[in-house]
Amino acid sequence: AQRVTQPEKLLSVFKGAPVELKCNYSYSGSPELFWYVQYSRQRLQLLLRHISRESIKGFTADLNKGETSFHLKKPFAQEEDSAMYYCALGNFGNEKLTFGTGTRLTIIP
Amino acid sequence: DAGVTQSPTHLIKTRGQQVTLRCSPKSGHDTVSWYQQALGQGPQFIFQYYEEEERQRGNFPDRFSGHQFPNYSSELNVNALLLGDSALYLCASSLARDRRETQYFGPGTRLLVL
């Protein structure tokens, strides 16, 4: 069975400090991992996916198959990073996604 | 392009009633997925429609059914509503032939069952 675990419901970080949002998964095949973000009063949107190996808004995430993790990182937090972040797992980007419960990130000015 | 649109934005029903939610996909997309997001939880996959047929289904009872129209828009129907069906219902669209394409989400319909 597919499962995504985000252990932190809430995370507060000072502006300029590093950010790490944790995500662990369980999946028997070759997973595709995503981070989705929801800013206040906006819809859920894709932040990044592991196959792209991109850095979006300064965020990066590395897939660690040994630890079955896909943690989201940013070296210097900005106030506009305050949002709800969801880690998701799927076969391909356009198929069924399994989401974690989300982490609410608050950046303290 | 307005992206994925959903209607209505909010809905209040009573237990036992039936509800229909609507979704129009992003221009150029042909696949629609529905998710239920209960308070404090992540979205849970209900089902996905492609070529007017249900292609994948999550762990939801038969009370949840759907339909896709020739113009790719979709409806989610829930019968015999329970209090536990109160949630935000999200629609997402994508393009079937492009496995790299991601899902674009709508703003959701918030359903309250009293």
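For the structure itself, look to the data block above.
Residues numbered from 1 in each chain as written. Chains lettered and ligands numbered in written order. Predicted model: local features only at pLDDT ≥ 70, side-chain atom pairs only at ≥ 80, totals over all residues. Heavy atoms only, no water.

**Student:** What is the right way to look at the overall build of chain B in this model?
**Tutor:** The number of helices and strands found in chain B is 0 helices and 11 strands. For chain B, the succession of helices and strands along the chain, N to C, is β-β-β-β-β-β-β-β-β-β-β. Since a compact globule built from 114 residues should have a radius of gyration of about 13 Å, the 13 Å found for chain B is in line with a globular shape. For chain B, long-range pairs separated by at least 24 residues make up 53% of all intrachain contacts whose partners lie at least 6 apart in sequence. Accessible area of chain B: about 5,600 Å², with a carbon and sulfur share of 48%. Here chain B holds 11 positive side-chain charges and 11 negative ones, and the gap between their average locations is 7 Å. (Helix = DSSP H or I, 4+ residues; strand = E, 2+ residues; numbered from the N terminus. Rg over C-alpha atoms; globule rule 2.2 N^0.38 Å. Contact = heavy atoms within 4.5 Å. Areas by Shrake-Rupley, 256 points an atom, 1.4 Å probe, with all protein chains shown as cover. Lys, Arg positive; Asp, Glu negative; His and termini not counted. Charge placed at Lys NZ, Arg CZ, Asp CG, Glu CD.)

**Student:** Got a minute to help me understand the state of the cysteines in this structure?
**Tutor:** Cysteine pairs can be linked by a disulfide, which is a covalent bond between their two sulfur atoms. Tallied over the full model, the rule gives 2 disulfides over all chains. Two residues, Cys23 of chain A and Cys87 of chain A, share a disulfide whose sulfurs are 2.0 Å apart. Across the S-S bond linking Cys23 of chain A and Cys87 of chain A, the dihedral sits near -65°, which makes this disulfide left-handed. Taken together, the positions of Cys23 of chain A in the loop between strand E3 (19-21) and strand E4 (24-26) and Cys87 of chain A in strand E9 (residues 83-90) put the pair 64 residues apart, joining distant regions of the chain. Looking at Cys87 of chain A, the relative accessible area reads 0%, which means it is buried. Disulfide pairing is shown between Cys23 of chain B and Cys91 of chain B; the S-S distance is 1.7 Å. On the sign convention where negative means left-handed, the S-S torsion of about -55° between Cys23 of chain B and Cys91 of chain B marks this disulfide as left-handed. (Disulfide = S-S within 2.5 Å. Buried < 20%, exposed > 50% of the residue type's maximum accessible area, 1.4 Å probe, protein only.)

**Student:** So what exactly am I meant to see when it comes to the interface of chain B and chain A here?
**Tutor:** How big an interface is tends to be reported as the loss of accessible area on association of its parts. Listed per partner, the contact involves 26 residues of chain B and 18 residues of chain A. Interface area, chain B with chain A, both sides summed: about 1,800 Å², of which 47% is carbon and sulfur. Linking chain B with chain A are 0 salt bridges. At the junction of chain B and chain A, the tally comes to 7 residue pairs in polar contact (both at pLDDT 80 or more). Mapped by element, the contributors of at least two residues to the side of chain B that touches chain A are strand E4 (31-37), strand E5 (44-50), strand E6 (53-57) and strand E9 (87-94) of chain B. (Buried area = accessible area lost by both parts, 1.4 Å probe. Salt bridge = Lys/Arg side-chain N within 4 Å of Asp/Glu carboxyl O. Polar contact = N/O pair within 3.5 Å; in protein donor to acceptor, adjacent residues only side chain to side chain.)

**Student:** Before we go on, may I ask you to explain unusual backbone geometry in this structure?
**Tutor:** Backbone geometry follows two general trends: most residues other than glycine have a negative phi, and most peptide bonds adopt the trans configuration. The omega angle of the peptide bond from Ser7 of chain B to Pro8 of chain B is -10°, so this bond is cis rather than trans. Summarising the element assignment, Pro8 of chain B is placed in the loop between strand E1 (5-7) and strand E2 (10-13). The phi angle at Lys57 of chain A is positive, at roughly 50°, despite the residue not being glycine. Note that Lys57 of chain A resides in the loop between strand E6 (45-49) and strand E7 (60-61). We note that Thr68 of chain A has phi near 45°; this positive angle belongs to a residue other than glycine. Take Thr68 of chain A: it is sitting in the loop between E7 and strand E8 (72-74). A residue is classified by how much of its surface remains accessible, and Thr68 of chain A, at 30% relative accessible area, is partly exposed.

**Student:** For this particular structure, what's the right way to read the sheet that holds E7 of chain A?
**Tutor:** Paired through backbone hydrogen bonds, the strands of a sheet run either parallel or antiparallel to each other. All names here are of chain A. Taking strand neighbours across the sheet as the criterion, the 3 strands line up as E3-E8-E7 in an open arrangement whose pairing is antiparallel. Only two strands of the sheet have a single partner each, and these edge strands are E3 and E7. As judged from the 2 bridges shared by E7 and E8, these two strands associate in the antiparallel manner. Bridge pairing in E8 links Thr60 to Lys73. (Pairing = 2+ DSSP bridges.)

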